[in-house]
Amino acid sequence: MNEQWCLRSRPVGMVKESDFELVQEPVPEPGDGEMVVRNCYLAFEPAMRGWLDDVPSYLPPVGIGEVMRASTVGKVIESNHPDYAVGDMVSGMLGWQKYALASGTPGPMGGLTKVPEGVAPELMLSALGGTGLTAYFGMVDIGEIREGDTVLVSGAAGATGSVAAQIARLKGAAKVVGIAGGPAKCKWLVEEAGLDAAIDYKSEDIAARIRQEFPDGVSLFYDNVGGEILNTTLLRMANFGRVVLCGGISSYNEEELPPGPANYMQIVIRRLTVKGFILIDHFARAGEAIGALLGWINAGELVHAEDIQEGFENTPKTFLRLFEGQNLGKQLLKIADP
C-alpha cells in the first residue's frame with residue numbers, strides 16, 4: 001500500500017499536525033510514458049506554508065484531500081518511460097507519499113531531474129535543489145552581488161540563507177554577516193560557513209549589532225524573515241543599497257497579516273532598490289546554477305548542512321520544525337534507503 005499525507009484542513013494561524021491526515025491507497029501502476037518512484041527523502045521549506053492558504057499565489061493552493069506538495073528524491077522502481085530506467089535516482093515535486101506516479105513532463109515547478117553520478121541524493125534537495133537555486137539567483141541576479149559589497153543575510157542558518165551568504169563571500173563581498181537564532185547556529189555560520197560575523201536575534205540587540213558591524217551601512221540585504229528584522233535593517237542600509245526579498249517566515253503563520261515596515265520611507269530617503277522574486281522564473285537557467293554550486297562544493301569552498309529526521313510517520317512533525325527554529329540548514333526527512 002502507498003501511504004500519503006494529505007491536507008485535512010486549512011491551517012488557521014500556526015500550522016498543526018492535525019491539519020494533515022495519513023491515508024492509504026494501492027501503489028499506482030504506470031501507464032505508457034509513466035514511471036513509479038519510491039520516495040527516499042522529503043524536503044521541507046517555509047514557502048510550503050503559503051501553499052496551504054486558499055489565496056491567489058504563484059501556485060494554486062493544495063486542495064483539501066490532496067497529497068501535500070513537496071520536493072522529493074527517490075528511486076524509479078517501475079518504468080514505461082523511454083528516458084528513465086529502473087534504478088535511476090530522480091528528484092522532483094512528488095509530494096508527501098511513499099510512492100509517486102510520474103511522467104517526467106515539466107510542470108509549474110519543473111519536471112524530474114536525474115541525480116548525477118557521484119552526487120549524494122539528499123544534496124539534490126538542499127544545496128543543489130530549490131533552496132540552493134533560490135540562493136544563487138537571489139544573490140547573483142536579483143541582488144547583483146559585486147566585489148566590495150557589505151552584505152547582511154537574515155535567516156542565515158536556513159537552507160537558502162546559508163548558501164546565499166556563502167555565495168556573497170565567494171563573489172568577493174567585503175563583509176558578510178548573518179542573522180540566526182541561537183549560539184550553535186551563529187557559531188556554525190562563522191566557523192563552518194566562513195561568515196565574518198553572526199548576530200543572534202534571540203539574545204542580542206539586533207539594531208546595535210548591525211550598527212556595530214556596518215558603520216557605513218549595508219549595501220545588500222538578503223531577507224528571508226521580514227517583520228521587525230526588515231524594519232530594523234532599513235534604518236541601516238547604505239545609500240543606493242539593494243534589498244532582496246526572498247521570504248518572510250516571521251509572518252507565515254499569522255492569522256492576520258502584520259502592518260508593513262514602519263521604516264518604509266527609508267526606501268525613498270536612501271534611494272534603495274527593493275526586489276522580490278520567485279524561483280520558477282529562473283528554471284530555464286537551472287543548469288547554470290547547479291554547475292556553479294557543484295563546482296564550489298567540490299572545491300570545498302561552499303559548505304552545506306542538512307537536518308535529517310527519519311520516519312514517514314513524522315512528516316507533519318518535521319514540517320513544524322521549520323517554524324520552531326529547530327533546523328540548521330535544509331530540513332529533510334528520510335523515509336527509505338536510496
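Residues numbered from 1 in each chain as written. Predicted model: local features only at pLDDT ≥ 70, side-chain atom pairs only at ≥ 80, totals over all residues. Heavy atoms only, no water.

J.: Lay out the overall build of the chain in plain terms, naming residues and giving numbers.
T.: Secondary structure assignment for the chain yields nine helices and 15 strands. Taken against the 2.2 N^0.38 rule, which gives 20 Å for 338 residues, the C-alpha radius of gyration of the chain at 20 Å falls within 12% of a compact globule. Dimensions along the principal axes, computed over C-alpha positions, put the chain at roughly 60 × 45 × 35 Å. For the chain, the residues scored as buried account for 51% of the 338 residues in total. Residue pairs in contact within the chain that sit at least 24 positions apart in sequence constitute 67% of those at least 6 positions apart. Here the chain displays about 14,600 Å² of accessible surface, and carbon together with sulfur accounts for 50% of that area. (Helix = DSSP H or I, 4+ residues; strand = E, 2+ residues; numbered from the N terminus. Rg over C-alpha atoms; globule rule 2.2 N^0.38 Å. Buried < 20%, exposed > 50% of the residue type's maximum accessible area, 1.4 Å probe, protein only. Contact = heavy atoms within 4.5 Å. Areas by Shrake-Rupley, 256 points an atom, 1.4 Å probe, with all protein chains shown as cover.)

J.: Quick one: what's the story with the packing of helix H2 (residues 130-142) against helix H3 (residues 159-170), residue by residue and with numbers?
T.: In the contact formed by H2 and H3, the axes pass within 8 Å of each other and the chain directions differ by 40 degrees. By the angle between their axes, H2 is oblique relative to H3. Like other packed secondary-structure pairs, H2 and H3 cross with a definite hand, here right-handed. Residues Thr131, Gly132, Thr134, Ala135, Tyr136, Met139 and Val140 of H2 lie in contact with H3, whose contacting residues are Ala159, Thr160, Val163, Ala164, Ile167 and Ala168. For the contact of H2 with H3, a count of residues per class yields nine nonpolar, four polar and no charged. (Axes fitted to C-alpha atoms, helices over the stretch in contact; angles between N-to-C directions. Parallel < 35°, antiparallel > 145°, perpendicular 65-115°, else oblique. Left-handed = near helix turned anticlockwise from the far one by under 90°. Nonpolar A, V, L, I, M, F, W, Y, C, P; charged D, E, K, R; others polar.)

J.: So what's going on with the nonpolar core? Which residues, and what values?
T.: The biggest cluster of nonpolar side chains holds 51 residues, and the ones touching the most others in it are Met139, Val151, Ile167 and Leu293. Broken down by secondary-structure element, the contributors of at least two residues to this core are strand E3 (35-44), H2, strand E8 (150-153), H3, strand E9 (175-180), helix H4 (183-191), strand E11 (218-223) and helix H8 (286-298). The biggest single contributor to this core is H2, with six residues. Beyond its immediate stretch of four places on either side in the chain, Val151 contacts Met139, Ile145, Ala168, Ala173, Lys175, Val176, Val177, Phe214 and Leu220. Counting residues in hydrophobic clusters, the runner-up holds 21 residues, among them Phe44, Trp96, Leu320 and Phe323. (Core = buried A, V, L, I, M, F, W, Y, C linked by side-chain atoms within 4.5 Å.)

J.: Explain H2 to me, and be specific about the residues and the numbers.
T.: Within H2, ten of the 13 residues are buried, which leaves the element mostly enclosed by the surrounding structure. Thr131, Gly132, Leu133, Thr134, Ala135, Tyr136, Phe137, Gly138, Met139 and Ile142 are the residues of H2 that are buried. The positive-phi residue at the C-terminal boundary of H2 is Glu144, with phi of around 50 degrees.

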